[in-house]
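Residue-level listing of the chains:
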Amino acid sequence: MRLLPSHGLTFGVLLLAHAAVRAPRYDAEKWARAATEQAPFWARSLDLRTIVRTLVLHGLAEETDDGMQAAEQLRALALQDYGAPKATARVLLAASPPSWLASAVRSGVVVRDYIPSADLAALAWLEPDLDALLFDAAVQRRNSEEEAWRERLGAAAEAVVVSALRRAGRQVAQVSLVSDTYGYDVEVFDPPPKQIEVKGAGPETRGGFHLTRHEFETSQRRPDSWRLVQVVFHPSAFTADVLDPSHIVDVLQLTPRVLRDLVPEDTRAFVWDQSALLTPPTTAWESAGLKPAPDFSAPGLRGRILPRQEAGRRPRRDQTHA
């Protein structure tokens, strides 16, 4: 069962959310029964037991040793004084994006021709905010997919760097596997020690990278040993099942001083908080002198780089299609 936020399904989820806040439910049956007891007469025909199972399937509830546990965002819906139904629809769209969402939301425009008529009718109660809700759900889905994509790319790049350092006889640890609190991904222990933050890129994204504030501040505390290393992959890497040295175009590095020149100081009106996308000049990069072992292999990057032009562009009223 999908979580397409029809009016009935949305109301059923809200009933379950309120029941989860009022008292703990020890199993799905009791949770559904408690929600039904609070329902108006017309809503008592809702199949709340099936809805509970679907919430579990999509990560909005969990069956634990202590009984059913509603996800935090589900419980928060019960505390909404205003706008709870549409807030619930937003949660459901994020948890279970319709299969047609990517086709229907393109370049900041919602094209309703790509939405099945039955689904469009089920969502009609969300007017006049339907297009905005679909757009926001599409952006969230793309952001989530891009984050997963960056993790895959970063893991491949780290594998290249670790292989190259070990080939050179260095004693290294991939600390990113332990925690993301280090401010770098790979540590070299034998002299001279190094802390290496690794970024991956393809031909079109070469030279640009996302840097967190924590990574930047770590670089400034270790100006002599911290380095940012970017592994640039050949286009064939993005269709490969297994990577080998032929898929690596270049391994480049930047010093903390370059980053210091790129990042503006905080002001009373603006503070850089989480992360930033940096694109240093080409002349700032230098060769890292790292080559992986001849027998290097890692999982390939088969997949697609998601388009960025749609993120952050909300459809204007005159761009939407009724």
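This write-up is about the structure you can find in this document. Here the structure is a predicted model, which is why all the values come from computation and not from measurement. (Residues numbered from 1 in each chain as written. Predicted model: local features only at pLDDT ≥ 70, side-chain atom pairs only at ≥ 80, totals over all residues. Heavy atoms only, no water.)

Looking at the overall build of the chain
Stage number 1. For the chain, the count of helices and strands is 10 helices and 14 strands.
Stage number 2. Expressed along its principal axes, the backbone C-alpha trace of the chain runs to roughly 75 × 50 × 50 Å.
Stage number 3. Taking all 322 residues of the chain together, 45% fall into the buried category.
Stage number 4. Taking contacts inside the chain between residues at least 6 apart in sequence as the whole, the part at least 24 apart equals 69%. (Helix = DSSP H or I, 4+ residues; strand = E, 2+ residues; numbered from the N terminus. Buried < 20%, exposed > 50% of the residue type's maximum accessible area, 1.4 Å probe, protein only. Contact = heavy atoms within 4.5 Å.)

Let's talk about the pairing of strand β11 (residues 248–254)
The side chains of a regular strand alternate between the sheet's two faces.
Stage number 1. The buried fraction of β11 amounts to five of the seven residues, a majority that puts the element mostly inside the structure.
Stage number 2. Where strand β9 (residues 226–233) lies against β11, six bridges are found, and the strand directions are antiparallel. Paired with Q230 across the two strands is L252, which belongs to β11.
Stage number 3. Across two bridges, β11 lies against strand β13 (residues 286–287) in antiparallel orientation. (Pairing = 2+ DSSP bridges.)

Some thoughts on the sheet that holds β11
Stage number 1. Spatial ordering of the open sheet is given by β5-β6-β7-β9-β11-β13, a layout of six strands whose pairing is mixed. Of all strands in the sheet, those bounded by a partner on one side alone are β5 (172–173) and β13.
Stage number 2. In this fold helix α8 (residues 130–167) packs onto β5, β6 (186–188), β7 (194–201), β9 and β11, with an angle of close to 135 degrees to the strand it touches most, β7. (Axes fitted to C-alpha atoms, helices over the stretch in contact; angles between N-to-C directions.)

Focus on the pattern of salt bridges
Charged atoms that come close allow side chains of opposite charge to pair.
Stage number 1. Considering all chains together, one arrives at 18 salt bridges under this definition.
Stage number 2. For E127, the salt bridge goes to R112, with nearest N and O atoms at 2.7 Å. Remark: R112 occurs in the loop between β4 (109–110) and α7 (117–122) and E127 occurs in the loop between α7 and α8; sequence separation between them is 15 residues.
Stage number 3. The residue E145 makes a salt bridge to R141 at a minimum N-O spacing of 3.4 Å. Here E145 and its partner R141 are both found in helix α8, four residues apart, which amounts to about one turn of the helix.
Stage number 4. One salt-bridge network, held together by shared partners, links E29, R33 and R49. (Salt bridge = Lys/Arg side-chain N within 4 Å of Asp/Glu carboxyl O.)

What to know about the environment of D136
Stage number 1. With respect to the secondary-structure elements, D136 resides in helix α8.
Stage number 2. Here D136 falls in the buried class, since its relative accessible area comes to 18%.

A closer look at the side chain of E215
Stage number 1. By the secondary structure assignment, E215 is in helix α9 (residues 213–221).
Stage number 2. Under the relative-accessibility criterion, E215 is labelled buried at 11%.
Stage number 3. Side-chain polar atoms of E215 contact the backbone nitrogen of T212, separated by 3.0 Å. (Polar contact = N/O pair within 3.5 Å; in protein donor to acceptor, adjacent residues only side chain to side chain.)

Details of the layout of surface pockets
Stage number 1. Taken as a whole, the largest pocket encloses approximately 1,100 Å³ of empty space.
Stage number 2. In terms of lining residues, the largest pocket is bounded by 40 residues, among which R150, E151, V198, K199 and H210 are the most central.
Stage number 3. Breaking the lining of the largest pocket down by element, the ones donating at least two residues are α8, β7, β8 (209–212), α9 and β12 (275–278).
Stage number 4. Sorting elements by how many residues they give to the lining of the largest pocket places α8 first, with nine residues.
Stage number 5. Here the residues of the lining of the largest pocket are counted per class, giving 12 nonpolar, 15 polar and 13 charged. (1 Å grid on protein atoms, 1.4 Å probe; cavity = no way out; pocket = protein on both sides within 12 Å on 5 of 7 lines; lining within 4 Å. Points joined across faces, edges and corners; volume = space filled by probe spheres on them. Nonpolar A, V, L, I, M, F, W, Y, C, P; charged D, E, K, R; others polar.)

Observations concerning the packing of aromatic side chains
Stage number 1. Tallied over the entire structure, the rule returns four aromatic pairs.
Stage number 2. Ring plane angle 85 degrees and centroid distance 6.0 Å describe the contact between F209 and W285, whose orientation is recorded as edge-to-face. Residue F209 is located in strand β8, and its partner W285 is located in the loop between β12 and β13; the two are separated by 76 residues in the primary sequence. Of the two residues examined, F209 and W285, each falls in the buried class. (Phe/Tyr/Trp six-rings, centres within 6.5 Å; stacked < 30°, edge-to-face > 60°.)

Overview of the pairing of β8
Stage number 1. Covered by surrounding structure in β8 are F209 and L211 only, the residues H210 and T212 on the alternate face being uncovered.
Stage number 2. Judged from the four bridges that link them, β8 and β12 form a sheet pairing that is antiparallel. From the neighbouring strand, L211 faces β12, where its bridge partner is A276.

Quick word on the packing of helix α2 (residues 28–37) against helix α3 (residues 48–57)
Stage number 1. It is the contact of α2 with α3, at a shortest axis distance of 9 Å, that shows an interaxial angle of 125 degrees. In terms of orientation, α2 and α3 fall into the oblique class. Crossing angle aside, the handedness with which α2 passes α3 is right-handed. Contacts between α2 and α3 involve A28, E29, W31, A32, A35 and T36 from the former and L48, R49, V52 and L55 from the latter.
Stage number 2. Residues belonging to the contact of α2 with α3 are distributed by class as follows: seven nonpolar, one polar and two charged. (Parallel < 35°, antiparallel > 145°, perpendicular 65-115°, else oblique. Left-handed = near helix turned anticlockwise from the far one by under 90°.)

Side note on α9
Stage number 1. Among all positions of α9, only R213, E215, F216, T218 and S219 are buried.
Stage number 2. Packed against the buried residues of α9 are β7, β8, β9, α10 (256–262) and β12.

The values are spatial; any link to function lies outside them.
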